[in-house]
Amino acid sequence: MGGFITKALRKVREEGLTPRDIVSYGCMAVHRNASCLWGTVRMRLKAALFGVRLGHGCECCGPIILQRWPGSRIELGRGVGIISSSRRCTSATIHAPTRLRTFAGSAAILIGDGVTMNGTAITARSRTIRIGRGTMIGPNCVITDSDFHAPWPPETRLTTPAFERDRDVTIGDNVWLGMRCIVLKGVTIGDGAIVAAGSVVTRDVPPATLVAGTPARVVRQLP
């Protein structure tokens, strides 16, 4: 313990930190660690109660919403990191907690090892949403397998759920979704692709490409 304090004091002197610097950084560190500890405990309790499978080393900073329909599957691989707190998010304010929700027994949300999410809303109404290992999802993204309403005729939109129109979503390994992306039903995003911030993905994305826009289109092939 004495050695740690000595090293910390030496670092303070070397970097010329003021007392206010120390207090500011100390508060950030306390908030970050407390949020992660308490958020992970709550996530694991909810997962155990609601039948959500968590791999080893999953962490959650802030609250998380887990809603699993009976018979459906929500599974997180090893080392999944979830950010649901604006104090912990590095690039933006989190608009709402991360939410993983299924609406039918046939639905599944399958998240691979090492995936990171930031205030992400993933809703599998009746099909499978699969996210490959190492994928990074920026703040406030939405991923869904459904329109949730029949598009036509308009007078039946509130009464016709149109489950038959739902489609699987597959996001490959090491994909990067920029902040505020929307990934709609039936989309496959290839390994290593990057989806620019604010894009709406309505069609398949080839592997190792950069796509952007509404709807998202290929900008260039990645090296």
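For clarity, every value in this text was computed on a predicted model and none was experimentally measured.

Undergrad: Let's hear about the packing of aromatic side chains: which residues, and what values?
TA: Each aromatic ring pair is summarised here by two numbers: the centre-to-centre distance and the angle between the ring planes. One pass over the full model with this rule turns up one aromatic pair. Ring geometry for Phe-103 versus Phe-148: centroids 6.3 Å apart, planes at 70°, classification edge-to-face. Note that Phe-103 is positioned in the loop between β6 (98–102) and β7 (108–111) and Phe-148 in the loop between β12 (142–144) and β13 (169–171), a separation of 45 residues in sequence. Owing to a relative accessible area of 26%, Phe-103 belongs among the partly exposed residues under this scheme. The ring of Phe-163 has Arg-125 lying over it, and the distance from NZ or CZ to the ring centre is 4.0 Å.

Undergrad: Talk me through a nonpolar patch on the surface; I want residue IDs and the actual numbers.
TA: Together, Leu-37, Trp-38, Val-41 and Leu-45 give the surface a local cluster of nonpolar side chains, amounting to about 420 Å² of exposed area. Relative to the elements of secondary structure, Leu-45 occurs in helix α2 (residues 19–50).

Undergrad: An account of the pattern of salt bridges is requested, with residue identities and associated values reported.
TA: Within the structure shown, the criterion is met by eight salt bridges. Asp-168 is paired through a salt bridge with Arg-127; the nearest N and O atoms lie 3.1 Å apart. Placement of the pair is Asp-168 in the loop between β12 and β13 and Arg-127 in the loop between β9 (121–124) and β10 (128–131), with a sequence separation of 41 residues. Classification of Arg-127 by relative accessible area gives partly exposed; the value is 31%. Salt-bridge contacts for Asp-147 lead to Arg-165; the nearest nitrogen and oxygen are separated by 3.6 Å. Placement of Asp-147 in the loop between β12 and β13 and of Arg-165 in the loop between β12 and β13 is noted, with a sequence separation of 18 residues between them. The class for Arg-165 is partly exposed, based on a relative accessible area of 34%. Counted as one network, the salt bridges with shared partners bring together Arg-53, Arg-73 and Glu-75.

Undergrad: So what's going on with the nonpolar core? Residues and values would help.
TA: Ile-111, Ile-143, Leu-177 and Ile-189 are the most contacted members of the largest nonpolar core, which totals 38 residues. Excluding its chain neighbours within four sequence positions, the residues that come into contact with Ile-143 are Ala-121, Ile-122, Thr-123, Ile-129, Ile-131, Ile-137, Val-169, Ile-171, Leu-177 and Val-183. If you look at the next biggest cluster of nonpolar residues, it comprises five residues, including Cys-61, Ile-83, Cys-89 and Ile-94.

Undergrad: Quick one: what's the story with the side chain of Thr-120, residue by residue and with numbers?
TA: The residue Thr-120 is located in the loop between β8 (116–118) and β9 in this model. Apart from the residues within four sequence positions on either side, Thr-120 is in contact with Pro-97, Thr-98, Arg-99, Ile-137, Gly-138 and Cys-141.

Undergrad: An account of the sheet that holds β9 is needed here, citing residue identities and associated values.
TA: Reading across from one edge, β3-β6-β9-β12-β15-β18 is the order of the six strands in this open sheet, with parallel pairing throughout. The open sheet is flanked by β3 (64–67) and β18 (200–201), the only strands paired with a single partner. Direction of pairing for β6 relative to β9: parallel, over a ladder of four bridges. The partner of Leu-100 across the bridge, within β9, is Ile-122.

Undergrad: Which residues make up the sheet that holds strand β17 (residues 194–195), and what are the values?
TA: On the basis of which strands lie adjacent, the open sheet formed by eight strands has the order β2-β5-β8-β11-β14-β17-β19-β20 and mixed pairing. Strands with a single pairing partner mark the edges of an open sheet, and in this sheet they are β2 (59–61) and β20 (217–221). The sheet contact formed by strand β14 (residues 176–177) and β17 spans two bridges and is parallel. The residue of β17 that forms the bridge with Leu-177 is Val-195.

Undergrad: Can you lay out the side chain of Thr-144 for me, pointing to particular residues and giving the numbers?
TA: Structurally, Thr-144 can be placed in strand β12. Of note is the side chain of Thr-144, whose polar atom sits 3.4 Å from the backbone nitrogen of Ser-146. Leave out the neighbours within four places in its chain, and Thr-144 touches Thr-123, Ile-129, Val-169, Val-183, Leu-184 and Lys-185.

So, how was this worked out
- Residues numbered from 1 in each chain as written.
- Predicted model: local features only at pLDDT ≥ 70, side-chain atom pairs only at ≥ 80, totals over all residues.
- Heavy atoms only, no water.
- Phe/Tyr/Trp six-rings, centres within 6.5 Å; stacked < 30°, edge-to-face > 60°.
- Helix = DSSP H or I, 4+ residues; strand = E, 2+ residues; numbered from the N terminus.
- Buried < 20%, exposed > 50% of the residue type's maximum accessible area, 1.4 Å probe, protein only.
- Lys NZ or Arg CZ within 6 Å of the ring centre and 35° of its normal.
- Patch = residues over 30% accessible without salt bridge, like charges linked within 9 Å, V, L, I, M, F, W, Y side chains within 5 Å.
- Areas by Shrake-Rupley, 256 points an atom, 1.4 Å probe, with all protein chains shown as cover.
- Salt bridge = Lys/Arg side-chain N within 4 Å of Asp/Glu carboxyl O.
- Core = buried A, V, L, I, M, F, W, Y, C linked by side-chain atoms within 4.5 Å.
- Contact = heavy atoms within 4.5 Å.
- Pairing = 2+ DSSP bridges.
- Polar contact = N/O pair within 3.5 Å; in protein donor to acceptor, adjacent residues only side chain to side chain.

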